[in-house]
Amino acid sequence: MNESLVIELATLPEEGKNFQGELDSALYSLPKHDAQPAGPLYYDLTVQRFEDELLVRGFISSPFKFTCVRDNQEFVRTISIEEFGQSFEIEESSVNLTEALREEVLMAFPSYPTCTEADEPHECKIDDRYLAVDKDPEDGVDEAPQSKSDNRWGALDQLDEFKD
């Protein structure tokens, strides 16, 4: 397993070359409270040079542990980019693709990850009392419990009584 993917232009054939392999999941270095990699970044790329540009196309994927926004349970989902494509300006004798691959995977993260999007989907188990705020009372869900804290706006609610 490699730590980076560097394309050496001196050894790159004119017709291009296929690169396959894995990059170590340490490349993500995400905060603890965020999604965490559950395996390496897999890649299958075709790299070709066109004058001062390097064209990279192919497939990349990486599994991650997400936390469901509905029931707070962890699940694994593989982020896959079937048609990765990017062009890099050639400035040196080699081009490091690692950061570009990393960013592409991170940009494909779901905004609101749920258990139903897992590699092995399962139903989100939500406690009914948390649905009370959003549900119609006719659905059989009890109303949300009233806050026991100081109700500073209560005085404004009483102003409606004095309108007449």
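Preceding this paragraph is the structure being described.
All figures in this text were calculated on a predicted structure; none of them were measured in a lab.

Here the focus is the overall build of the chain. Helix and strand counts for the chain stand at 2 helices and 7 strands. What you see in the chain, going N to C, is helices and strands ordered as β-β-β-β-β-β-β-α-α. Across the 164 residues of the chain, 30% fall into the buried class. Considering only contacts within the chain whose residues lie at least 6 apart along the sequence, 57% involve residues at least 24 apart.

Relative to the elements of secondary structure, Val 56 occurs in strand E5 (residues 53-67). The contacts of Val 56, once residues within four sequence positions are left out, are Leu 45, Thr 46, Val 47, Phe 84, Gly 85, Gln 86, Phe 88 and Leu 97.

Time to look at a negative patch on the surface. Together, Glu 51, Asp 52, Glu 53, Glu 89, Glu 91 and Glu 92 make up a negatively charged patch on the protein surface. Exposure remark for Asp 52: the relative accessible area of 54% places this residue in the exposed category.

Structurally, the position occupied by Leu 9 is in the loop between strand E1 (6-8) and strand E2 (17-23). Here Leu 9 falls in the buried class, since its relative accessible area comes to 7%. C-alpha of Leu 9 to C-alpha of Ser 93: the two residues are 84 residues apart in sequence and 5.7 Å apart in space.

For the rest of this paragraph, the subject is a nonpolar patch on the surface. Residues Trp 153, Leu 156 and Leu 159 make up a contiguous nonpolar surface patch of about 360 Å² in total accessible area. Residue position: Leu 156 is located in helix H2 (residues 154-159). We classify Leu 156 as partly exposed; its relative accessible area is 43%.

This paragraph deals with the packing of aromatic side chains. Aromatic rings considered in pairs are described by the distance between their centres and by the relative angle of their planes. In this structure the tally under the stated criterion is 5 aromatic pairs. Both rings, one in Phe 64 and one in Phe 109, keep their centres 4.8 Å apart while their planes meet at 75°; by these two values the pair is edge-to-face. Within this pair, whereas Phe 64 is found in strand E5, its partner Phe 109 is found in the loop between helix H1 (98-107) and H2, the two being separated by 45 residues in sequence. Under the relative-accessibility criterion, Phe 64 is labelled buried at 0%. Feature note: the residues Tyr 28, Phe 64, Phe 66, Phe 75 and Phe 109 constitute an aromatic cluster, connected by ring pairs.

What counts and what doesn't
- Residues numbered from 1 in each chain as written.
- Predicted model: local features only at pLDDT ≥ 70, side-chain atom pairs only at ≥ 80, totals over all residues.
- Heavy atoms only, no water.
- Helix = DSSP H or I, 4+ residues; strand = E, 2+ residues; numbered from the N terminus.
- Buried < 20%, exposed > 50% of the residue type's maximum accessible area, 1.4 Å probe, protein only.
- Contact = heavy atoms within 4.5 Å.
- Patch = residues over 30% accessible without salt bridge, like charges linked within 9 Å, V, L, I, M, F, W, Y side chains within 5 Å.
- Areas by Shrake-Rupley, 256 points an atom, 1.4 Å probe, with all protein chains shown as cover.
- Salt bridge = Lys/Arg side-chain N within 4 Å of Asp/Glu carboxyl O.
- Lys, Arg positive; Asp, Glu negative; His and termini not counted.
- Charge placed at Lys NZ, Arg CZ, Asp CG, Glu CD.
- Phe/Tyr/Trp six-rings, centres within 6.5 Å; stacked < 30°, edge-to-face > 60°.

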